[in-house]
Amino acid sequence: MSANEQMQNFITELRRGSLTLAVLGCLKQPHYGYALLQTMQEKQIDVEANTLYPLLRRLESQGLLVSDWDTSESRPRKYYTVNEKGEMVYKELMTEWKKLQNSIESICGEDKCNG
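Source: prediction; values computed, not measured. (Residues numbered from 1 in each chain as written. Predicted model: local features only at pLDDT ≥ 70, side-chain atom pairs only at ≥ 80, totals over all residues. Heavy atoms only, no water.)

Student: Help me understand the pairing of strand β3 (residues 77–82), please; the structure alone is not making it clear to me.
Tutor: Pairing between strand β1 (residues 31–32) and β3: two bridges, direction antiparallel. For H31, the partnering residue across the bridge sits in β3 and is Y80. Here six bridges tie strand β2 (residues 65–70) to β3, and the two strands are oriented antiparallel to one another. Looking at the pairing, S67 lines up with Y80 of β3. In this structure, the hairpin formed by β2 and β3 is closed by a connection of six residues. (Pairing = 2+ DSSP bridges. Helix = DSSP H or I, 4+ residues; strand = E, 2+ residues; numbered from the N terminus.)

Student: Even after reading the chapter, I still don't get the packing of helix α1 (residues 3–26) against helix α4 (residues 84–108), so can you show me in this structure?
Tutor: The N-to-C vectors of α1 and α4 enclose an angle of 130°; their axes lie 10 Å apart at closest approach. Taken together, α1 and α4 sit at an angle that is classed as oblique. For the element pair α1 and α4, the recorded crossing hand is left-handed. On the side of α1, the interface is formed by S18, T20, L21, L24 and G25, while α4 contributes G86, V89, Y90, L93, M94 and W97. Split by residue class, the contact of α1 with α4 holds seven nonpolar, four polar and no charged. (Axes fitted to C-alpha atoms, helices over the stretch in contact; angles between N-to-C directions. Parallel < 35°, antiparallel > 145°, perpendicular 65-115°, else oblique. Left-handed = near helix turned anticlockwise from the far one by under 90°. Contact = heavy atoms within 4.5 Å. Nonpolar A, V, L, I, M, F, W, Y, C, P; charged D, E, K, R; others polar.)

Pasting the structure below:
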């Protein structure tokens, strides 16, 4: 495995754990899959459709999201929104993410990592 491939694997691992948090945060407002994909990419979160759609189905099956079909246009779209349980999980994950971020910064702050 090349150094570049190894680095890509590390980045993928780092992002994988954060993706659920980002999706729950984005779905405070209803989104259909493709619109969510675009929103996340606009926010510099690179995610592929073949990663996002299974995640949406999993979060819905875990009871964190609700979905509704909009059939008013020529192309039906399934809109996802975080529900009360999903909001609670989102808040807990954000708290843990902030704690972890603070801990990592205290270990690897600019002065400590570069020194």
